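If you want the building blocks of each chain, they are given just below.
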Protein chains: 2
Amino acid sequence: MAKIIKGKPVADKITEELAKEIEMFHKQGGKPKLATLRVGERGDDIAYERGATNRMKKVGIEVESVVLPQDITQNDFIVALEKLNKDDAVNGILIFRPLPKQIDESVIKYIIDPKKDIDCFSPLNVGKLAEGDPTGFNPCTPTAIMEMLDFYGVELKGADASVIGSSMVVGKPAALLLLNQKATVTVAHSKTKDTAQVARNGDIVVVGVGVAKLVKEDWISQGAVVIDVGINVDEEGNMCGDVDFDNVQKKASMITPVPGGVGSVTTTILAKHVVKAYKQQNG
Amino acid sequence: MAKIIKGKPVADKITEELAKEIEMFHKQGGKPKLATLRVGERGDDIAYERGATNRMKKVGIEVESVVLPQDITQNDFIVALEKLNKDDAVNGILIFRPLPKQIDESVIKYIIDPKKDIDCFSPLNVGKLAEGDPTGFNPCTPTAIMEMLDFYGVELKGADASVIGSSMVVGKPAALLLLNQKATVTVAHSKTKDTAQVARNGDIVVVGVGVAKLVKEDWISQGAVVIDVGINVDEEGNMCGDVDFDNVQKKASMITPVPGGVGSVTTTILAKHVVKAYKQQNG
């Protein structure tokens, strides 16, 4: 039976380190601050905003929540974003996506200040991710995966890592981060001939496709480390991941639960990135 | 025996298309122009400069060759680069790398105007590459690979593509371009446990590691397409690739020669990118 590797101890460790650092900043009169920028009242966004705000407060990061009406024009959205870009008291900016369709994300991603772009919306930060440039901000979920692997002592160098899913939010950046750590990386997706075989080749299997319980026991090699980034609801109305947890845990050496796995670390990465931005902006 | 797929027909086809387009620009009074920026007198740089210049002239692109002394300061280099950035007559800028060590490439890559950065030096263009954003400039060698595969009708969607080598110049961008075309991509490198096995899994095998004749016959599956990006000199003083051509061609369905393969297409991609930059800059 696999060791169930939870996100909470990882988040707790990072939180503790951040809280200490931020306490020091406070003593020096510094106040790291995140601004969140939400359009409309989508439940997902509100839940994520609440989670992020709680996490920031827990470590001593101030939060300014900007909420704009659902029918805001692109121009007015840009005005609000540029105000945050220019505000020296704001170190990080988190824009909840997807934005409503009157706002063109391919325009906005060039407007957010890359130095405050703590969740890798700006193409400049995507470039830094691909280059392995440590000054950039990598996307939070794949970064959370890397923190999990590091915390639980999973060796990446030379490991065969199979990434199932190639989205810009999870799969592609996770593949780049694993490759930058010298794993041998394979990326599978909807056009892959034999995704089960790709998964079976992995010492580490990262799954982020959004299909409930897609990954079965026979997709996983004995002793593999399984990282499940999916968040779905099964036929009985329970939250579940992309991995058939009950069966796969019989073969894996480690497996993340859903909920309680990678998702528990994501907002902590946001906090870590706000602190990183604060430090970069204050020398 | 494999079909030997040469670069020349690919370069000729692109050249012909570009020449027609540029003739039209000339009629409208437009003059696409490349500026090359070289520091010192390295033989590699001079050879590449000569090849690029000849290729540009062949299609009707003007070339301005800027040559700076080997001991130029970073500051003076930046002055020269910014002059080209600001010169409206210059559509594309090619900087020969590596730069001498007094010039910090991690500074310069943020100074070249991304709109004129036709060989993907700017992190912004690396970001566009990772995102699959067609407005960017991908690096020339991996783009030449993609043009070869397209010209010779190699199906990428769902194909298993093995990339041997993970450099920022060849392997990593080639992997991203193949992934963006929905190949199932595996990247192997110096820390990979069994590079031969990774190669054997490929319907398409792209090799760019700089080790003469590394890839042997038993590394390649019957019928695979083999793209060799290496340029080495063998023990007899002959130019050769990273693939043991004479033996691998017995198993592959298609194979690029060295010389005469991917390398023959690279400067044509430069020309294509100058034209793309010209069009973007002139609406």
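Residues numbered from 1 in each chain as written. Chains lettered and ligands numbered in written order. Predicted model: local features only at pLDDT ≥ 70, side-chain atom pairs only at ≥ 80, totals over all residues.

A count of helical and extended segments in chain A gives ten helices and eleven strands. Computed over the C-alpha atoms, the radius of gyration of chain A is 19 Å, within 12% of the 19 Å expected from 2.2 N^0.38 for a compact globule of 283 residues. For the C-alpha atoms alone, the extent of chain A along its principal axes is close to 50 × 45 × 40 Å. Here chain A holds 283 residues, and the buried ones make up 50% of them. Sequence separation of 24 or more characterises 69% of the internal contacts of chain A that already satisfy a separation of 6 or more. (Helix = DSSP H or I, 4+ residues; strand = E, 2+ residues; numbered from the N terminus. Rg over C-alpha atoms; globule rule 2.2 N^0.38 Å. Buried ≥ 20, exposed ≤ 12 C-beta atoms within 10 Å, placed from the backbone. Contact = placed C-beta atoms within 7 Å.)

Turning next to the packing of helix α6 (residues 140-151) of chain A against helix α10 (residues 263-281) of chain A. Residues and elements named next belong to chain A. Interaxial distance between α6 and α10 falls to 8 Å at its minimum, and their mutual angle equals 105°. Classed by the angle they form, the pair α6 and α10 counts as roughly perpendicular. Contact residues: α6 offers C140, T141, T143, A144, E147 and M148, while α10 offers V265, T266, I269 and L270. Residues of the contact of α6 with α10, tallied by class, amount to six nonpolar, three polar and one charged. (Axes fitted to C-alpha atoms, helices over the stretch in contact; angles between N-to-C directions. Parallel < 35°, antiparallel > 145°, perpendicular 65-115°, else oblique. Nonpolar A, V, L, I, M, F, W, Y, C, P; charged D, E, K, R; others polar.)

Two copies of a chain can be linked by a rotation about an axis combined with a shift along that same axis. Superposing chain A onto chain B takes a rotation of 180° plus a shift of 0.0 Å along the axis, which leaves an RMSD of 0.0 Å. Taken together, the rotation and translation relating the two chain copies correspond to the operation of a two-fold axis. Most of the interface of chain A is mirrored in chain B: 100% of its interface residues are interface residues there too. (Least-squares fit on C-alpha atoms with pLDDT ≥ 70 in both.)

This next bit is on the interface of chain A and chain B. Often, the extent of an interface is quoted as the loss of accessible area upon association of its parts. At the junction of the two partners, chain A supplies 26 residues and chain B supplies 27 residues. Elements represented by at least two residues in the side of chain A that touches chain B include exactly α5 (123-131), α7 (171-180) and β6 (184-188) of chain A. Among the elements that make up the side of chain A that touches chain B, the one with the highest residue count is α5(A) (seven residues). In terms of residue class, the side of chain A that touches chain B is made up of ten nonpolar, seven polar and nine charged.

Functional significance is not addressed by these values, which are geometric in nature.
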